[in-house]
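One letter stands for each residue in the lines below.
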Amino acid sequence: MNQNTTYTVVDMETTGTSIKHGDHIIQFSVSFVENNQIIDSYSTYINDGVEISEEISNLTGITSETIKNAPTFDQVAATIYKKLKNTVFVAHNVNFDFPFLNAFLEKVGFPELDIPAIDTVSLTQIFFPTLNSYRLSDLSSHFNIIHKHPHSSASDAAATAVLLIKITDKIKTIPQTTLKNILDINLELPQDTLSFISSIYQQKQSKKLELPNNLVNVEGIILKKVKSPQFIEKLKVPKFPKTKSKKLKLLEPGYQWRESQSKMMNAIYHNYTDSKKKPTNLIIEAPTGSGKTLGYLIPMAYLVQKGRPVVISTATIALQSQLQKTINHTLNEEFGFGFNSVILKGKNHYLDLNRFLLNLLIDDGNKQSQFIKAKILIWLTETDTGDLDELNLPKKAIIINQINYQSGFSDDNLDLGNYDFINRQTQMLKSADIVITNHNYLYQNARKINETLNQKPYLVVDEASTLSDVAFNSQQKHLWLGTIKKNSGRVRNDIFQTHAENLNDIFESNNSLLSKTERIAQAVDQISETNTYLASQFAKFFMKRLNQHRSEVGLRLDKLKEFIELNQQQITKLTSLNSILQNQLKSLNFEIAQNSKRWTPADYEIFLKFNEHVTKIIKFIEQLNIFIDNFAANNFADVILMKYGLDHDPNNVILESLQLDSTNSLSKDIYKYFKPAIFTGAVLFTSKKSQFIYNQLDLNRNNTRMKRLKSNFDYANQMKLMVSNQTPMPESFDNDDYVKYLSDSIIDIYNSHPVPTLVLFNSLQLIESVYHNILINNKVPHIFASGISGSQEKIIRKFQETKNPVILGANGFWEGIDFPNNYLKSVIITRLPFAAPSNPIAKARSSYLRKEKKNPFISYTLPKAIMDLNQGMGRLLRHENDYGTITILDNRLVTRKYGEQILRSFNPDLKIITGDIENITKENKTFFNSKENDKLL
């Protein structure tokens, strides 16, 4: 491949993906690229007399009528073969198109095309490593490629040809050292894709090219140079815009006026600048659509420029990235501020360059790991942060835990200065104007942030309703009882395995190291034997007569105390053996370090894994002792849960200790390190007099101000709420009649007017039953379900790609997800989101609140359910032109007294209709018909 090579960029539409099952080509298209320019194209429909399914027609726009007069493949095969011969075949997923085409050429008497073939999917994944999607339509959107008819092969081939040109241009900018590092990895790429990279590398090697000024060579790896913070001196509006006209001057023309947003800006700015009042904590409920993010960013921007930074904490890591994009684009680029912002996350999110340098030299035979290394090499020339989340890597990729900061390396790490990404993060924090973190990090590191900034910064807590959960969850302690069994087996494998090199092989000529390794093996065996005895005793004590349908129970604390006392001798033995194991490991590592020049990178990789496995045993026993000591001192937990598997194996048990009293923890661990804080979110209050959010956020109502903003949505016209008044309410979710009621109701509501529908559940078990029941009925064409159809991200992606789909969702689907503008049209809530009374945590919390002289239902259960319900309903209206229906299949909303309180929490303009499912389906149909008629008008 060289500059004069002709690249034939091919795309085909077919009736399916399997030649064996009789699928055929129905459209063939090719664009020709020479000298990095498109020079020609060819396209033809093909009619081999096969039936085109409705699904394929919907996807491609090709029907039997479209190809009615088209030639057969036999008639165009010679033309296709001639056009592609002596070229390089290119496709977006070449391992499908190339074999499929060759199979059909052979069918009609032509030989296989014996030409190189390259894949643009793999190339874009490597050379554009931070993109969220590598589908052709998404890449076209990202690169502004004209792609008028996705899934039409002529349009797809043309778009892929432009993509090939952009890939080629990008590779030509990559430093030679980086390309050589990629070629040295031993990548396995589709067909001849690696040769394409190599050909461009060979062209660059013939020229003497200097490293660009923005890059630097660090230990043979090309990195982006560390930039000094840069500031923009002038602001478009030097003073906070107090009046409407001044705010409009700042916002226009790109942003519309929102009265609620203006009130939020004023409330925040005046909270810190009013000379007559001291700043106080401020809670602002800002409904969806009120412009909450700019509502706090703009006033904080004017406060920050006076010299005090702001820390903004939000619920998730994904929201951190979105927030930084808003700061960079809106505050800095559009409004003229020049703020330095930094994202703070836990260490395990960042690349440890030392570990990556070592790992780069090792081929562990894992194709995915090798591919990710290539992506990282390109990314290192672009990233300022080293944040691995920028790469959107598969969560279960093995390599992540081999190259991040999750576990340490040796004491001989290279001193990389600011090219160590954790060190760089600390330096960036010192000069930051805006610090973006998440609630978990904030809770664990508030003091550290304060000390690094050397002052009390402002604090904005976005999605504030979830902060209390962080405080509660942070007090949980987890103990997996299978740690020793699993890792003792791994340790023996590290030492004695026969299928690959082991420690005994490496230390073959060193008797001292062999002896130390043997003593570690003996100590681990003794620990394993003691652990096996304790596990069997635990099973006798706690795992008899366990419920098959429940996976967690609360342990009686007196019974646990008895178990510890009866087995104290074995626990003491475990502690003693652990001390011996620690000393032996330290001695072994010291001697390995003394002989460091003898070991290869592959040897070090084995040392690392061995250390990791032994260390996990050591840490588990230390955690076990802390668990027992705190339990004995009665200051550890209000409840201890036992989570178990269906096999009732004690080695699959997780013990989880919970403290239900988190009083003052937020004040003590967070608030004291900041100025009085701003708390905001879409749903914070359950009523005007609600004390719930104050209790949850550990705030004193007397020195906290509250503001509830009005929604910008027209609830009377954009939404209709329907409540079933005839709902069977069984005690258990596995009730067949209840499952049938939900399944039939969902089918009837959906089929009254099929639209994209989200059905919210409180139980994955119930979802499974309803999902299979709906499938059997075969009346909902596209249905996805939590726990069945993949991850939440995968389900949402499929949902958005499908015509009028249904999601059966739980957990994360209740909050924090957004669908495209005006897409989601129906939300069905199967049951009010009360915690199940049998839930061990709910039972323990109720018991605790009763001891505190509080009514558990009134003080916690009901307000928590109201907030969760409003969050779930909030999935529907996200933008001004959204509309749709909400159906609640729980008649307790209209039959129980507390239902009145729940209804009062809804927007007063919301229309509420009660009735049976037949009435609900009629109302549903009427609402959507009226909206469609409005569009026609």
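Quick caveat, the model's predicted, so the values are computed rather than measured.

The next thing to look at is the confidence of the model for the protein. Averaged over the protein, the pLDDT score is 89; the fraction of residues at 70 or greater is 96%. Per-element confidence in the protein ranges from a low mean pLDDT of 82 for helix 31 (residues 840–851) to a high of 98 for strand 12 (residues 458–461).

In space, the seven strands of this open sheet follow the order 10-11-9-12-17-8-18, with parallel pairing throughout. Each having just a single partner strand, strand 10 (341–343) and strand 18 (704–708) make up the two edges of the open sheet. Each neighbouring strand pair of the sheet contributes to a mean axis angle of 15 degrees, computed without reference to strand direction. The sheet contacts of helix 12 (residues 317–334) involve strand 9 (310–314), strand 10 and strand 11 (434–438), and relative to strand 11 the element is tilted by about 160 degrees.

This brings us to the nonpolar core. Of all hydrophobic cores here, the largest spans 60 residues; its most connected members are Ile126, Phe127, Leu351, Phe356, Ile376 and Leu380. Not counting residues up to four positions away in its chain, the partners in contact with Leu380 are Ile221, Ile222, Leu223, Lys224, Leu351, Leu353, Phe356 and Phe421. With 52 residues, the next largest nonpolar core counts Leu513, Ile571, Phe610 and Ile621 among its residues.

If you walk through the whole model with that rule in mind, you get 24 salt bridges. Asp669 is paired through a salt bridge with Lys668; the nearest N and O atoms lie 3.3 Å apart. Judged by its relative accessible area of 23%, Asp669 is partly exposed. Here Lys864 makes a salt bridge to Asp868, at a shortest N to O gap of 2.9 Å. Highlighted residues: Lys864 and Asp868, both in helix 32 (residues 856–873), separated by four residues, approximately one helical turn. Relative accessible area serves as the criterion here: at 23%, Lys864 is assigned to the partly exposed category.

Once that is clear, we can look at empty space enclosed by the protein. Applying the stated criterion across every chain, the model contains three cavities of 30 Å³ or more. If you add up the space inside the largest cavity, you get close to 250 Å³. Forming the boundary of the largest cavity are 16 residues, of which Leu481, Leu534, Phe538, Phe563 and Leu624 lie nearest the centre. Residue assignment for the lining of the largest cavity shows that the elements contributing at least two residues are helix 21 (511–542), helix 22 (557–566), helix 23 (568–594) and helix 24 (601–632). Per-class residue counts for the lining of the largest cavity are 15 nonpolar, one polar and no charged.

Each value, and the rule that gives it
Residues numbered from 1 in each chain as written. Predicted model: local features only at pLDDT ≥ 70, side-chain atom pairs only at ≥ 80, totals over all residues. Heavy atoms only, no water. pLDDT = per-residue confidence, 0-100. Helix = DSSP H or I, 4+ residues; strand = E, 2+ residues; numbered from the N terminus. Pairing = 2+ DSSP bridges. Axes fitted to C-alpha atoms, helices over the stretch in contact; angles between N-to-C directions. Contact = heavy atoms within 4.5 Å. Core = buried A, V, L, I, M, F, W, Y, C linked by side-chain atoms within 4.5 Å. Buried < 20%, exposed > 50% of the residue type's maximum accessible area, 1.4 Å probe, protein only. Salt bridge = Lys/Arg side-chain N within 4 Å of Asp/Glu carboxyl O. 1 Å grid on protein atoms, 1.4 Å probe; cavity = no way out; pocket = protein on both sides within 12 Å on 5 of 7 lines; lining within 4 Å. Points joined across faces, edges and corners; volume = space filled by probe spheres on them. Nonpolar A, V, L, I, M, F, W, Y, C, P; charged D, E, K, R; others polar.

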